[in-house]
Amino acid sequence: MELGSKSNIFGKIFSSQSDRGNYTSAKGYENYFISYIGIDNEDIYNSEIYNLNREIKKKKNICLFKDNILNPDDFDIISYLKNKASKYNGSVFDLDIDLVKYEEINNRIKRGFDILLKEEDKSFNNDRVKFNFIIKVMSWIRIYINPLVIDYADAPKVVFYGDIKKHELYFLLILYFAGFDILYINPNGISEIANIDAKKFNIEIENNQIISDRISFDERIQKGEIIEKSSIKKAYTVGAQASRKISDELLNDSGFIKPWQLQNRHIKSLLLSSTVDEVDIYWKEPLKLRPGFKFDDEIVTLPVFFTKIDGVYRDLDQYYSLLDKLQIKDFSYFVNYDENIRPLSKQFTREGYNLSFFIGNNGKLNKKSIIKEGNFIISNLSLRWQETILDKVEETILSDMFIEGLTKDDIVRGLYTVLNMNERFVYLINSFDYANVNPKLIIYIEQMKMFTKEIVFLLLVLSKIGFDIVIFTPGGVNCIENVINNQIVDIHRLDVINYNLKYRTAKYTVNNSVKNTGSWFEKLFGKWSD
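Residues numbered from 1 in each chain as written. Predicted model: local features only at pLDDT ≥ 70, side-chain atom pairs only at ≥ 80, totals over all residues. Heavy atoms only, no water.

Some words on the packing of helix α2 (residues 42–58) against helix α7 (residues 217–228)
- Running from amino to carboxyl end, α2 crosses α7 at an angle of 105 degrees, the nearest separation of the two axes being 7 Å. Relative to α7, the element α2 lies roughly perpendicular. Note on element contacts: α7 touches α2 through Phe217, Arg220, Ile221, Lys223, Gly224, Glu225, Ile227 and Glu228, opposite Glu42, Asp43, Tyr45, Asn46, Ser47, Ile49, Tyr50, Asn51, Leu52 and Asn53.
- Here the residues of the contact of α2 with α7 are counted per class, giving seven nonpolar, five polar and six charged. (Axes fitted to C-alpha atoms, helices over the stretch in contact; angles between N-to-C directions. Helix = DSSP H or I, 4+ residues; strand = E, 2+ residues; numbered from the N terminus. Parallel < 35°, antiparallel > 145°, perpendicular 65-115°, else oblique. Contact = heavy atoms within 4.5 Å. Nonpolar A, V, L, I, M, F, W, Y, C, P; charged D, E, K, R; others polar.)

In structure tokens form, the structure reads like this:
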């Protein structure tokens, strides 16, 4: 989810000024006061909070309040403001006072005070109460708003989470009148906004289901991070799209992403949901040409396949041809699975239980100690790759992917399987440039064989670090569906089920001539007919 584009919750507040009317000195900012009350979908909400927090960290013109605002206790500021405001005679705008370092914004805030005090005059019992309110809000502005770096191409913003008190709401309204975007978020109710005329002040309110659980902003960030990294979300390929474009911001001056340019970023995988033909089409494409590929300063999103293909085509040659074409020299690893784990990882031994000392009760790993141990197969990778793999192991432990959950024994065995993965995986990882062709694992299951939890654990981690994974089961065996959430795997069913079909390479010739399997355009649209 991207703030300002795909986000349903917070998109509008992060829209550009060009989308809502550019700033002018006479008109000021086109700004919004938006209240998002309650929750529509808990997971999406937490994911949005996580992304909102990331967006706030990137910008210098946003002030975030995760809870009620503390009463000011900087006596120098209070003394300065009291001295200046002592001449208050019904208009803050007429006071010679500096609340923020930007003269124009300072004047707009002072006008905002006068608007609020006029509109809500009856809420102040006497002049002393009004004066104390003015000093308190002015102090908040000096403490929290003055440090912001305001870009005249973008409205400055204030985000407030949770129950809000009356004076805090007035503080937000003053800034709103001054041209600030205001985003008020409260999953537990509308709070003080219910006591003002939202329509008169043009406050947008989006009401959803109110929840009773009190979960802090920081807790929602943590929950959202787990969801964001769980790879549950999918990008959908478009079968009718005959050409694809790369966004300009992803290219350098020559029109290409430089080799290894993205390697210092964290990885987030995005599962592609597609047809079988589209797996064939996109399989050999560099990741930068796939739907959903993107990156920013911190994260590169890698669109990958985690696909299971049950059954076979009626034309077995076509089926074997697909199997052969997915095996790309230097990028893929083919496993004919017979319940032997060795082609995927080392067999677990009792010594593997020593890894339990590296696993906390909360599922967190002591990554430094694991790396320092240095006697695992992944120890041959760079330090950054080892850290990345262990991050993805931790994500797998903490995310709710396994139908029956993970016991401590499952976690130990899963960690062991990843640390001691087949050397072929290490080779493929070490040569993986994020923008280009990614590593691939093709598994063929001839008979009714099931995956163990540790094998599925390894597959999930490989998917999370950018592997394409395709599992062929001509007999349609539920080798993985009974272990993890079906949302994680893109499952397709071909023409017929064929039990105990042995793997063989495809026959490409018919009557000593090359068989034409058709172009990718023909696969999507069919052959032209007269």
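Some points on the confidence of the model for the protein chain
- With 85% of its residues at a pLDDT of 70 or more, the protein chain has an overall mean of 86.
- Note on residues 508–530: pLDDT under 50 across the span, and 28 contacts to partners over four residues away in sequence or across chains. (pLDDT = per-residue confidence, 0-100.)

Topic: the packing of aromatic side chains
- Inspection of the entire model under this criterion finds 28 aromatic pairs.
- Put simply, the rings of Phe65, Trp140, Tyr144, Phe160, Phe171 and Tyr184 touch in pairs and so form one group of aromatic residues.
- When the ring centre of Phe93 is taken as origin, the NZ or CZ atom of Lys110, which lies over that ring, is 5.6 Å away.
- Taking NZ or CZ as reference, Lys157 lies 5.8 Å from the ring centre of Phe14, over its face. (Phe/Tyr/Trp six-rings, centres within 6.5 Å; stacked < 30°, edge-to-face > 60°. Lys NZ or Arg CZ within 6 Å of the ring centre and 35° of its normal.)

Things to note about the sheet that holds strand β2 (residues 62–65)
- The strand order across the open sheet built from five strands is β2-β3-β4-β1-β5, with neighbouring strands paired in parallel fashion. Each edge of the open sheet is held by one strand with a lone partner, namely β2 and β5 (204–207). The mean inter-strand angle of the sheet, taken between neighbouring strand axes irrespective of direction, is 10 degrees.
- Inspection of the sheet shows strand β3 (residues 157–161) paired to strand β4 (residues 181–186) by five bridges, in the parallel sense. If you follow Tyr161 over to β4, its bridge partner there is Ile185.
- Packing of α2 onto the sheet brings it into contact with β1 (33–37), β2, β3 and β4, and relative to β4 it is tilted by some 145 degrees. (Pairing = 2+ DSSP bridges.)

Brief notes about the pattern of salt bridges
- Scanning the entire structure with this criterion turns up 26 salt bridges.
- A salt bridge links Lys308 to Glu481, with the nearest nitrogen and oxygen atoms 2.9 Å apart. Of this pair, Lys308 sits in strand β10 (residues 306–310) while Glu481 sits in the loop between β13 (468–473) and β14 (490–493), and the two are 173 residues apart along the sequence.
- By relative accessible area, which is 0% here, Lys308 ends up buried. (Salt bridge = Lys/Arg side-chain N within 4 Å of Asp/Glu carboxyl O. Buried < 20%, exposed > 50% of the residue type's maximum accessible area, 1.4 Å probe, protein only.)

Some thoughts on the nonpolar core
- Phe306, Ile389, Leu441, Phe451, Leu459, Ile471 and Ile480 are the most contacted members of the largest nonpolar core, which has 71 residues in total.
- When residues of this core are assigned to their parent elements, the largest contribution, eight residues, is made by helix α14 (residues 453–464).
- Contacts of Ile471, omitting those with residues within four sequence positions, involve Phe306, Thr307, Lys308, Ile309, Ile443, Ile445, Phe451, Leu459, Cys479 and Ile480.
- Membership of the second largest hydrophobic core comes to 52 residues, among which are Ile105, Phe177, Ile196 and Ala198. (Core = buried A, V, L, I, M, F, W, Y, C linked by side-chain atoms within 4.5 Å.)

Quick notes on the side chain of Ser463
- Its location among the elements puts Ser463 in helix α14.
- In this view, Ser463 contacts Ser269, Leu271, Val304, Phe306 and Ile469; residues no more than four positions away in its chain are not counted.

Considering the environment of Asn186
- You can see Asn186 is positioned in strand β4.
- With 151 residues separating them in the primary sequence, Asn186 and Ser35 have C-alpha atoms 7.9 Å apart.
- Leave out the neighbours within four places in its chain, and Asn186 touches Tyr36, Ile37, Gly38, Tyr45, Gly162, Asp163 and Ser191.
- In terms of polar contacts, Asn186 uses its side chain to reach the backbone amide nitrogen of Asn188, at 2.9 Å. (Polar contact = N/O pair within 3.5 Å; in protein donor to acceptor, adjacent residues only side chain to side chain.)

Describing α2
- The first and last C-alpha atoms of α2 sit 25 Å apart over 17 residues, in line with the 24 Å expected at 1.5 Å per residue.
- With respect to burial, α2 is a largely interior element, twelve of its 17 residues being buried.
- Every buried residue belonging to α2 is among Tyr45, Asn46, Ser47, Glu48, Ile49, Tyr50, Asn51, Leu52, Asn53, Arg54, Glu55 and Ile56, and all of these are buried.
- Its side-chain oxygen placed 3.0 Å from the backbone nitrogen of Asp43, Asn41 serves as the N-cap of α2. (Expected span 1.5 Å × (residues − 1).)

Some points on the pairing of β4
- Burial of β4 is extensive: six of the six residues sit out of reach of the surface.
- On β4, burial covers both faces: Asp181, Leu183 and Ile185 on one face and Ile182, Tyr184 and Asn186 on the other are all buried.
- Relative to β4, β1 runs parallel, the two being bridged by five bridges. Along β4, the bridge assignment pairs Phe33 with Ile182.
- Crossover handedness for the path β3 to helix α6 (residues 166–177) to β4: right-handed. (Right-handed = clockwise from strand over helix to strand, strands pointing away.)

Here we look at unusual backbone geometry
- In the Ramachandran plot, Asn202 falls in the positive-phi region, its phi being about 60 degrees despite a non-glycine side chain.
- Relative to the elements of secondary structure, Asn202 occurs in the loop between β4 and β5.
- Despite not being glycine, Asp330 has its phi angle at roughly 75 degrees, a positive value.
- Relative accessible area serves as the criterion here: at 40%, Asp330 is assigned to the partly exposed category.

So, the sheet that holds β14
- If you walk across this open sheet you meet the five strands as β11-β12-β13-β10-β14, and the pairing is parallel. Each edge of the sheet is formed by a strand with only one pairing partner; in this case those strands are β11 (332–337) and β14. Geometrically, the sheet is characterised by an average inter-axis angle of 15 degrees between neighbouring strands, direction not taken into account.
- Inspection of the sheet shows strand β12 (residues 440–445) paired to β13 by five bridges, in the parallel sense. Bridging across to β13, Ile442 finds its partner in Val470.
- Along the sheet, helix α8 (residues 276–283) contacts β10, β12, β13 and β14; its crossing angle with β13, the most-contacted strand, is approximately 140 degrees.

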